[in-house]
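Now for the letters of each chain:
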Amino acid sequence: MRATAACLAAALLALPAIASAQAMKGTPGAAAVTTGRGVGVVTALDAKAAKVTIKHGPIPAVGWPAMTMTFKATPPTLLKGIRVGQTVAFDVRTKRMDAEVTAIQPH
Ligand SMILES: [Cu+2]
């Protein structure tokens, strides 16, 4: 998926700085976790797979431009009451290749 690739590309671009910062702290190999808050429209839902696709605006805290992408919902029960077409505010947590939504509310 192109949008997800864009997110990963942004994350990868940030890696060298993170890696050197960690090296200075003496914790090589520790994965950097970043969090941010976004607003967007739900374009697809898969409750069984705990996946939600959101067309979201920019999330500067994690270095993302506006895009449409699919997130894992953690925990999956977050998706109860969420519908396709709904505008939502959500918290995102990223670590290496993973992007998870950790909170979501109608907005
Ligand atoms: Cu994104």
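Computed from a prediction, not measured in an experiment: that's the story for all the values here. (Residues numbered from 1 in each chain as written. Predicted model: local features only at pLDDT ≥ 70, side-chain atom pairs only at ≥ 80, totals over all residues. Heavy atoms only, no water.)

Colleague: Kindly report on the overall build of the chain, identifying the contributing residues and their values.
Modeller: The helix and strand inventory of the chain stands at 1 helix and 5 strands. Reading the chain from its N end, one meets helices and strands in the order α-β-β-β-β-β. Here the chain, with 107 residues, has 31% of them falling under the buried criterion. Contacts in the chain between residues at least 24 apart in sequence constitute 54% of all its contacts with a sequence separation of at least 6. Carbon and sulfur atoms make up 63% of the accessible area of the chain, which totals about 6,300 Å². (Helix = DSSP H or I, 4+ residues; strand = E, 2+ residues; numbered from the N terminus. Buried < 20%, exposed > 50% of the residue type's maximum accessible area, 1.4 Å probe, protein only. Contact = heavy atoms within 4.5 Å. Areas by Shrake-Rupley, 256 points an atom, 1.4 Å probe, with all protein chains shown as cover.)

Colleague: Tell me about the sheet that holds strand 3 (residues 67–73), and name the residues and values.
Modeller: Within a sheet, adjacent strands bond to each other through the backbone by hydrogen bonds, running parallel or antiparallel. On the basis of which strands lie adjacent, the closed barrel formed by 5 strands has the order 1-2-3-5-4 and mixed pairing. Each adjacent strand pair in this sheet contributes to an overall mean axis angle of 55°, direction not counted. (Pairing = 2+ DSSP bridges. Axes fitted to C-alpha atoms, helices over the stretch in contact; angles between N-to-C directions.)

Colleague: Describe the packing of aromatic side chains, with residues and values.
Modeller: Scanning all chains against the criterion turns up 2 aromatic pairs. The interplanar angle of 55° and the centroid separation of 5.5 Å between the aromatic rings of Phe71 and Phe90 together place this pair among those described as tilted. Separated by 19 residues along the polypeptide, Phe71 in strand 3 and Phe90 in strand 4 (residues 87–95) bring together distant segments of the chain. Among the residues examined, Phe71 registers a relative accessible area of 0% and is labelled buried. Members of the aromatic cluster, each reached through a chain of ring pairs, are Trp64, Phe71 and Phe90. (Phe/Tyr/Trp six-rings, centres within 6.5 Å; stacked < 30°, edge-to-face > 60°.)

Colleague: Describe unusual backbone geometry, with residues and values.
Modeller: Between Thr74 and the following residue, Pro75, the backbone shows a cis peptide bond with an omega angle of 0°. Position of Pro75 relative to the elements: it lies in the loop between strand 3 and strand 4. Phi at Ala50 takes a positive value of approximately 60°, unusual for a residue other than glycine. Looking at the secondary structure, you find Ala50 in the loop between strand 1 (33–46) and strand 2 (51–56).

Colleague: Which residues make up the pairing of strand 1, and what are the values?
Modeller: Summarising the sheet, strand 1 and strand 4 pair through 9 bridges and their orientation is antiparallel. Directly across from Val33, in strand 4, lies its bridge partner Lys95. Direction of pairing for strand 1 relative to strand 2: antiparallel, over a ladder of 6 bridges. Among the inter-strand pairings, Val41 is bridged to a residue of strand 2, identified as Lys55. Where strand 1 folds back onto strand 2 in an antiparallel hairpin, the turn is made up of 4 residues, including Ala50, whose phi is positive at roughly 60°.

Colleague: Go over the confidence of the model for the chain with me, naming the residues and quoting the values.
Modeller: The predicted coordinates ought not to be read in detail in places where the model reports low pLDDT. In the predicted model, the chain carries a mean pLDDT of 83, and the fraction of residues at 70 or more is 72%. Note on residues 18–26: pLDDT under 50 across the span, and 6 contacts to partners over four residues away in sequence or across chains. (pLDDT = per-residue confidence, 0-100.)

Colleague: With reference to specific residues and values, describe the pairing of strand 3.
Modeller: A one-sided burial pattern is seen for strand 3, the buried positions being Met67, Met69, Phe71 and Ala73 and the unburied ones Thr68, Thr70 and Lys72. Bridging between strand 2 and strand 3 involves 6 bridges; their strand directions are antiparallel. In the strand pairing of strand 3, Ile54 is matched with Met69. Two strands pair when backbone bridges link them, and strand 3 and strand 5 (residues 98–106) are joined in this way by 2 bridges, in the parallel orientation. Bridge pairing links Lys72 to Glu100 in strand 5.

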